[in-house]
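The primary structure of each chain is shown beneath.
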Amino acid sequence: MNLLNKKLGSLSGGRILDVATGDGSFIRKLIDAFDDYDNAVGIDIDDKHFNEAHKDFEEDRVTFAIMDGVHLSFDDDSFDTVAMRAGLHHLPDIKSVLCEMKRVLKPGGFFIIREMTCDYQNKKQLSDVQMHHWSARINRIEGISHNSTLSRQEIIDLVDGLGLGEYETGKYTCNDCDPEKDGKMERELADIDKELAKVEGHPDYDKLQKEGDQIRQYILKHGFACASSMDIVGNK
Ligand SMILES: C[S@@+](CC[C@H](N)C(=O)[O-])C[C@H]1O[C@@H](n2cnc3c(N)ncnc32)[C@H](O)[C@@H]1O
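A brief report on the enclosed structure follows. (Residues numbered from 1 in each chain as written. Predicted model: local features only at pLDDT ≥ 70, side-chain atom pairs only at ≥ 80, totals over all residues. Heavy atoms only, no water.)

### Focus on the pattern of salt bridges
Charged atoms that come close allow side chains of opposite charge to pair.
No. 1: Under the definition given, this model contains 17 salt bridges.
No. 2: In this structure, the salt-bridge partner of Glu-211 is Arg-137, at a minimum N-O distance of 2.4 Å. You can see Glu-211 sitting in helix α8 (residues 205-222) and its partner Arg-137 sitting in helix α5 (residues 123-141), a full 74 residues away along the chain.
No. 3: Glu-188 is paired through a salt bridge with Lys-184; the nearest N and O atoms lie 3.3 Å apart. (Salt bridge = Lys/Arg side-chain N within 4 Å of Asp/Glu carboxyl O. Helix = DSSP H or I, 4+ residues; strand = E, 2+ residues; numbered from the N terminus.)

So, in C-alpha cells, the structure goes:
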C-alpha cells in the first residue's frame, strides 16, 4: 500500500488545494486516498488542461482556477490539505511556492508532495528519467518552465527548510499500466522524433538529436518503465 493510502485512508481531506494541478488528476487520487472530503480547488498557472479537468469532475465541489503558485490568493490557514504532484521540477521558484502552500494550510493540516526523483530508479525506470530530462531541455528552448527532476535528498532538504511539524516519506511506483505491453514504450520512442521536430533549426539541434538517438538505443536495450516518485505526507 502506498503512503497516501496508508496515512489518509480513514481520514477526511476537508478543504483540499492541489497546486500545479494540470488536468486535476491528482485531485482524483487524493479524493480516492481520503475517506471523504468537503471540497477541492486545483490551481495552475496555465489553464490548457482545465477542459479535461472539468469533464472528469462533474461534482460542484471540485473547482479550478488560473493562479501562480508563488502568489496564492487564499487566506492564511484556509485549507485542511495542500498537495502538489509532479510540480516541483516545473517551478522556477520552488521555495516560494512551498512557503505559500504552508501559509494557506491550517495548523495540523496535511502537506502532501508526490514527485518523481532522478535517483533510486532501476535500469528500465532510468529510460523514463533520461527521456524526461531530455524533453525538459526541449521544453526550455520552447520557453516552458521545466527542469530536470530533483534527487530524493534535494526534495527532503526543501521540505526540511519549511519547518513542518512531522512528515513521513515513501516510494511510489505507478502500476496502472505496463508500458512495454500497452504501447507506451513505442509512443515514447516515437516522441523522440516529435520532440526534435519542435527545435529544428535551433543551434542545439544536432546535439539533442545525438542524445535522442542514445536514449533510443538505451530504451531498446534496457526496456521502459515509469519512474518511481517520492511521496511526502506531513502536517503543519
Ligand atoms: C507535469 S505537470 C503536473 C500536473 C499535475 N499536477 C499532475 O500530476 O498531473 C506540471 C504543472 O505545473 C504547472 N506550473 C508550472 N509553473 C507553475 C506555477 N508557477 N504555478 C502554478 N502552476 C505551475 C504547469 O502549468 C503544469 O500544469
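There is more to say after this.
### Comments concerning unusual backbone geometry
No. 1: For Ala-20, which is not glycine, the phi torsion reads 55° and is therefore positive.
No. 2: Inspection of the secondary structure assignment puts Ala-20 in the loop between β1 (15-19) and α2 (25-33).
No. 3: With a phi angle near 55°, Ala-86 is a residue other than glycine that sits in the positive phi range.

### Details of the site of the ligand
No. 1: Taken together, 14 residues lie near the ligand, and Ala-20, Asp-44, Asp-68, Gly-69 and Arg-85 sit nearest.
No. 2: Here a nitrogen atom of the ligand and a backbone polar atom of Ala-20 are 2.7 Å apart.
No. 3: Between the ligand and Asp-44, the relevant distance is 2.6 Å, taken from an oxygen atom to a side-chain nitrogen or oxygen of the residue.
No. 4: In the complex, 81% of the free accessible area of the ligand, which totals 600 Å², lies under the protein chains.
No. 5: The class makeup of the residues in the shell around the ligand is 5 nonpolar, 5 polar and 4 charged. (Near = heavy atom within 4 Å. Polar contact = N/O pair within 3.5 Å; in protein donor to acceptor, adjacent residues only side chain to side chain. Areas by Shrake-Rupley, 256 points an atom, 1.4 Å probe, with all protein chains shown as cover. Nonpolar A, V, L, I, M, F, W, Y, C, P; charged D, E, K, R; others polar.)

### Brief notes about the packing of aromatic side chains
No. 1: For the coordinates displayed, the defined rule picks out 4 aromatic pairs.
No. 2: Here the aromatic rings of Phe-50 and Phe-64 are separated by 5.6 Å at their centres, their planes lie at 45°, and the arrangement is tilted. In this pair, Phe-50 is assigned in helix α3 (residues 50-56) and Phe-64 in strand β3 (residues 62-66), connecting sequence segments 14 residues apart. Note on accessibility: Phe-50 and Phe-64 belong to one class, buried.
No. 3: One aromatic cluster in this structure is built from Phe-50, Phe-57 and Phe-64.
No. 4: Sitting above the plane of the Phe-79 ring, Arg-15 keeps its charged end 4.1 Å from the centroid.
No. 5: One residue, Arg-114, lies across the ring of Tyr-172, its end atom 3.4 Å from the ring centre. (Phe/Tyr/Trp six-rings, centres within 6.5 Å; stacked < 30°, edge-to-face > 60°. Buried < 20%, exposed > 50% of the residue type's maximum accessible area, 1.4 Å probe, protein only. Lys NZ or Arg CZ within 6 Å of the ring centre and 35° of its normal.)

### Here we look at the packing of α5 against helix α7 (residues 184-197)
No. 1: Packing of α5 against α7 leaves a shortest axis separation of 11 Å and a crossing angle of 20°. Viewed along their axes, α5 and α7 adopt a mutual orientation that is roughly parallel. In this structure, α5 meets α7 at a crossing whose hand is left-handed. Residues Met-131, Trp-134, Ser-135, Ile-138 and Asn-139 of α5 touch α7, and the partners they reach there are Glu-188, Asp-191, Ile-192, Glu-195 and Leu-196. (Axes fitted to C-alpha atoms, helices over the stretch in contact; angles between N-to-C directions. Parallel < 35°, antiparallel > 145°, perpendicular 65-115°, else oblique. Left-handed = near helix turned anticlockwise from the far one by under 90°. Contact = heavy atoms within 4.5 Å.)

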